[in-house]
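# Geometric and topological summary
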Amino acid sequence: MAVLKVKFTKTKRDKLAQILWILNWVSVVSGVILFSLGLFLKIEIKKRNEVMAKGDINSVPNMLISVGVIACIINFLGGKICYDCSDANKFSRWKLVMLPYIVCTFCFTFSILVGALMCYTMRNELEESLYLGLRDAIKFYKDTDIPGRCFLKKTVDMLQIGFRCCGNNGFRDWFEIQWVSARYLNMASKEVVDRLKSNVDGKFLVDGVPFSCCNPSSPRPCIQYQLTNNSAHYNYDFLTEELNIWMRGCREALLDYYTAIMRSIGITALLIWLFELSVLIGVRYLQTAMKNVLLLGDLEGESDGWLLENSFVETAKYNINIIKNLGKANQISTVSGMNDPNIDVQNTNCSKNNITTKSIPAGS
């Protein structure tokens, strides 16, 4: 029994074909939107590539870009098919193409759904990439004279100012690394030498942060050095006073930024998937209705359209049997008593005894 069978008159078939022609062109626009969103996300990730570790974080934008291009091609072809389906004579040349087209389009719409879901599952990979990338960027903050690292200081400073953050997980990350270049240390100062000697690795560690961690909205001048020393500043208590530096880590700030972008892209992709699925259902109805018109032979009469010719269970069993028998088509049966007509052909006796010698015509 057919699933969701609908009866179509000639007028309804023509209107359905016209509506689907318009919707397929709208789907081309949706493909452009998917491509644009993927390109936008790729550019946003590339902007902060220096503070991200290499990984699979580009898989989502690449997926969206690919799906967007394919959507434009498939829906352009679908618009042409639906336009011709308003004429039964023109439909004849698409009759064998439409079912494979519907199957391929169904797989394609599934890939849109996968791309939308990937936008929500990318957070863990992005968080790990940001953690490793920011850790290395902060570690090499002082290396302004080393090729390949000389721009990291500017990158980190602009990042902390723009996103109002400090450090990787927080401002205390700066306490654990030497972020002041050795060229700016006064080696004649006893305080500097003592601090270098007090560290096992010979690093100049201070309880301070770069200027880019300062909060300009704070009424008090920025305290960026000796943050944990109450006696170094007037009327200052490190434990009770609200510090005038950014408290949030840059990893959290960037993660929230990209998560908001991907959430918006994911919602848009889901809406496009639902739209593409509805267009595909309409194309399936049009294909079955036009096919039945040709079978009935009355191009002006009514015809039935459906999603599936048989029930879901019967259709599933039928397709499973086709898949199972795919590898058996060219196999030769070796079961006793079963002869292959291409092999068990009776041999013709071609011995010399059966060959009649032609007589040689006598000369005149």
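Everything quoted here is computed from the prediction, not taken from an experiment. (Residues numbered from 1 in each chain as written. Predicted model: local features only at pLDDT ≥ 70, side-chain atom pairs only at ≥ 80, totals over all residues. Heavy atoms only, no water.)

## What about empty space enclosed by the protein?
With a probe scaled to a water molecule rolled over the atoms, the places where space remains empty come into view. Where we set the bar: Cavities and pockets are found on a 1 Å grid laid over the protein atoms alone: a cavity is a set of points where a 1.4 Å probe fits but cannot escape, a pocket is an open set with protein on both sides within 12 Å along at least five of seven lines, and a lining residue has an atom within 4 Å of such a point. Grid points are joined across faces, edges and corners, and a volume is the space filled by probe spheres set on the points. Put simply, DSSP H or I for four residues or longer makes a helix, DSSP E for two residues or longer makes a strand, and each gets a number counted from the N terminus. Each residue gets one of three labels, nonpolar for Ala, Val, Leu, Ile, Met, Phe, Trp, Tyr, Cys and Pro, charged for Asp, Glu, Lys and Arg, and polar for the others, Gly among them.
Under the defined criterion, the tally for this structure stands at 1 cavity of 30 Å³ or more. Approximately 40 Å³ is the volume found for the largest cavity. No other element matches helix 8 (residues 250–296), which puts 4 residues into the lining of the largest cavity. Classifying every residue of the lining of the largest cavity by side-chain character gives 4 nonpolar, 3 polar and 1 charged.

## Quick notes on the layout of surface pockets
Roughly 200 Å³ of volume is contained in the second largest pocket. Every residue along the wall of the second largest pocket is listed here: V180, S189, E191, V192, R195, F204, V206, D207, Y225 and Q226. Each residue belonging to the lining of the second largest pocket can be placed in one class, and the counts come to 5 nonpolar, 2 polar and 3 charged.

## Points about the state of the cysteines
Operational definition: Working definition: a disulfide is two cysteine sulfur atoms within 2.5 Å of each other.
Going through the model one piece at a time under the given rule, you end up with 3 disulfides. Note that C165 is cross-linked by a disulfide to C250, the S-S spacing being 2.1 Å. Note on the C165 and C250 pair: the S-S dihedral is about 85 degrees, so by sign convention the disulfide is right-handed. One end of the pair, C165, is in the loop between helix 6 (152–163) and helix 7 (190–198); the other, C250, is in helix 8, and 85 residues separate them in sequence.

## Structural notes on the side chain of Q178
To keep it simple, the criterion reads: Each residue's exposure class comes from its accessible area (1.4 Å probe, protein chains only) as a fraction of the maximum for that residue type: buried when under 20%, exposed when over 50%, partly exposed otherwise. Two N or O atoms form a polar contact when they lie within 3.5 Å of each other; inside protein one atom must be a possible hydrogen donor and the other a possible acceptor, and for residues adjacent in sequence the pair counts only when both atoms belong to side chains.
Assignment of secondary structure puts Q178 in the loop between helix 6 and helix 7. You can call Q178 buried: its relative accessible area is 11%. At 3.1 Å, the side chain of Q178 forms a polar contact with the backbone oxygen of V180. Here the side chain of Q178 touches F204 through a polar contact of 3.0 Å, landing on its backbone nitrogen.

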